[in-house]
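# Chain and residue survey
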Amino acid sequence: MQHRLTKAPVLASLITLGLLTSAGLQAGMYRYTDANGQLVISNTIPQEATKRGYDIISDSGRVIETIAPAPTAEELAAREAAKERKRQREAQLEQDRLLLKRFSHPDQAVRAMHRKVEELEGLISLKRGNISVLTSQLDNEQRRAAEMERAGRNVPDATLKKIYRLEGQVRDIEREIAAQRLEIDAVAQRFLSDIKRLEEITDLERTLPLKDTGAASSE
């Protein structure tokens, strides 16, 4: 029975101590630097002062928490720049991974470039063949029209329309050839970039010429 009487006051004391400690934490003070550079301790803090950083301290002067200053514009810019550098590094690593899945040696990329360029050149050759056929037809129609005019006859509308159509088809194919020439240049530039990167990440040098001489063997 005496044990119970002793325990209750102790428990009450512990609870009271806890409440007091909690109240002490909740009633913390702020330590900050004002606009004049003076150190201030107060139970309130101006909004402007929070940007400079401050300490939350207990009644006994112990620092409970330190709030860092708000980042400056330069610091924010530096953080964004660091994020962008990290993003670029990660993007480059992913590009390198995909590149190594396609080629394990720079020479493989050289061969692939030669094949692709040869394929596009083949398409251009076919289109030039089409132009030759159309040009031959166009020459025949123009010759017939010229003969009619020399004979004092009117050139039929059907003949004129055919001439215009053939001329348009030749122009269209010539535009396609010009576009494919640009595509060949773009493809070559992409492959050259890949070849250079492969030499860097594999530490291997290409042994094949960049310009296809017909000597490059297939994989």
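Residues numbered from 1 in each chain as written. Predicted model: local features only at pLDDT ≥ 70, side-chain atom pairs only at ≥ 80, totals over all residues. Heavy atoms only, no water.

## Some remarks on the sheet that holds strand β3 (residues 54–57)
- Read across the open sheet, the four strands follow the order β2-β1-β3-β4; overall the sheet is antiparallel. Strands at the two margins of the open sheet, each flanked by one partner only, are β2 (39–42) and β4 (63–67). Mean inter-strand twist for the sheet, computed between neighbouring axes without regard to direction, equals 20 degrees.
- Pairing of strand β1 (residues 29–33) with β2 involves four bridges; the strand directions are antiparallel. Within the sheet, the bridge partner assigned to Tyr-32 lies in β2 and is Val-40. (Pairing = 2+ DSSP bridges. Helix = DSSP H or I, 4+ residues; strand = E, 2+ residues; numbered from the N terminus. Axes fitted to C-alpha atoms, helices over the stretch in contact; angles between N-to-C directions.)

## Remarks on the pairing of β3
- On β3, burial covers both faces: Tyr-54 and Ile-56 on one face and Asp-55 and Ile-57 on the other are all buried.
- Relative to β3, β1 runs antiparallel, the two being bridged by four bridges. When the bridges of β3 are listed, Met-29 appears paired with Ile-57.
- With four bridges connecting them, β3 and β4 associate as antiparallel partners. Counted as the bridge partner of Tyr-54 is Ile-67 from β4.
- Linking β3 to β4, which pair antiparallel, is a turn of five residues; within it Gly-61 sits at a positive phi near 95 degrees. (Buried < 20%, exposed > 50% of the residue type's maximum accessible area, 1.4 Å probe, protein only.)

## Topic: unusual backbone geometry
- The backbone of Asp-203 sits at a positive phi, close to 60 degrees, despite the residue not being glycine.
- Within the secondary structure, Asp-203 sits in the segment after α5 (157–202).

## Describing the packing of helix α3 (residues 73–102) against α5
- At their nearest, the axes of α3 and α5 sit 11 Å apart, and the two run at 95 degrees to each other. In terms of orientation, α3 lies roughly perpendicular with respect to α5. From α3, Gln-92, Asp-96, Leu-99, Leu-100 and Arg-102 reach across to α5, where they touch Phe-191, Asp-194, Arg-197, Leu-198, Ile-201 and Thr-202.
- Class assignment of the residues belonging to the contact of α3 with α5 gives a composition of five nonpolar, two polar and four charged. (Parallel < 35°, antiparallel > 145°, perpendicular 65-115°, else oblique. Contact = heavy atoms within 4.5 Å. Nonpolar A, V, L, I, M, F, W, Y, C, P; charged D, E, K, R; others polar.)

## Looking at the pattern of salt bridges
- Evaluated as defined, the whole model comprises 14 salt bridges.
- The residue Glu-176 makes a salt bridge to Lys-127 at a minimum N-O spacing of 2.7 Å. Here Glu-176, found in helix α5, pairs with Lys-127, found in helix α4 (residues 106–150); they are 49 residues apart in sequence, far enough to count as distant.
- A relative accessible area of 38% means that Glu-176 is categorised as partly exposed.
- When the shortest N-O distance is used, the salt bridge between Lys-162 and Glu-141 registers 3.3 Å. Residue Lys-162 is located in helix α5, and its partner Glu-141 is located in helix α4; the two are separated by 21 residues in the primary sequence.
- With relative accessibility at 30%, the residue Lys-162 sits in the partly exposed group.
- Through salt bridges that share partners, Asp-96, Arg-197 and Glu-200 make up one connected network. (Salt bridge = Lys/Arg side-chain N within 4 Å of Asp/Glu carboxyl O.)

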